[in-house]
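Understanding the architecture of this molecule
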Amino acid sequence: MLVNPITQQPLALPLPQPNLITPGLKAITKLPQGLQAQVLTKLMNTAFAVPLAEEEFDFLAGRTIRIGLRDLNANWFVSLNENNQLLVRLSGEEDASIEGDWLAFLKMATHYCDPDTLFFQRQLSISGDTELGLHVKNLLDSLEIDTLPKPLARSLTLSHHYLTKLAL
């Protein structure tokens, strides 16, 4: 029997796929394009403040990676600006892309599943400049949840708990 990790009460029905973060992402995709890009840029720079400060994103200088969330019908073009900050646009030319459903990205972000397994199972795919795509994948895989802002870290931790309980 599944137990609600917050209330510790038994659940009568299995939970749907973990959706602690997905509603927020869905809401972001409904924003007007200009506002959506601003919100995502702010969120990504906040989430990745530590690796940005450590210049771990320098490989993106003059390059663009497209993050495609198939199930949300969203494409985000991410590059590094001259101030060493991430910049998110909703269209453009990409050097490489990483695509998959949100759940696959969640599994990678929470370290629930090895990213190579997700790519081997075709839950995630890389196209374009494969070396750039692999660099992004390896960077995302190396991030520790405890270095992220507390609300994001907590959401990812709870999502990992749900993934584990549901064995998705």
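The coordinates are above.
Read on for a plain summary of the structure. On a predicted model such as this, the values are computed, not experimentally measured, just so you know.

What counts, and where the lines are drawn
Residues numbered from 1 in each chain as written. Predicted model: local features only at pLDDT ≥ 70, side-chain atom pairs only at ≥ 80, totals over all residues. Heavy atoms only, no water. Helix = DSSP H or I, 4+ residues; strand = E, 2+ residues; numbered from the N terminus. Buried < 20%, exposed > 50% of the residue type's maximum accessible area, 1.4 Å probe, protein only. Polar contact = N/O pair within 3.5 Å; in protein donor to acceptor, adjacent residues only side chain to side chain. Contact = heavy atoms within 4.5 Å. Pairing = 2+ DSSP bridges. Axes fitted to C-alpha atoms, helices over the stretch in contact; angles between N-to-C directions.

What follows is about the side chain of R66. Residue placement: R66 occurs in strand β1 (residues 64-69). Residue classification places R66 among the buried positions, given a relative accessible area of 11%. A polar atom in the side chain of R66 sits 3.3 Å from the side chain of E99. In contact with R66, not counting residues within four places along its chain, are N75, W76, F77, E94, A96, S97, I98 and E99.

What follows is about the sheet that holds strand β2 (residues 74-80). Across the sheet, which stays open at both edges, the five strands sit in the order β3-β2-β1-β4-β5 with mixed pairing between neighbours. The open sheet is flanked by β3 (86-89) and β5 (124-128), the only strands paired with a single partner. Ignoring strand direction, the axes of neighbouring strands in this sheet form an average angle of 20 degrees. For β1 and strand β4 (residues 96-100), the ladder comprises five bridges, and the chain directions are parallel. The partner of L69 across the bridge, within β4, is G100. With respect to the sheet, helix α2 (residues 33-47) is in contact with β2 and β3, its orientation differing from that of β3 by roughly 150 degrees.

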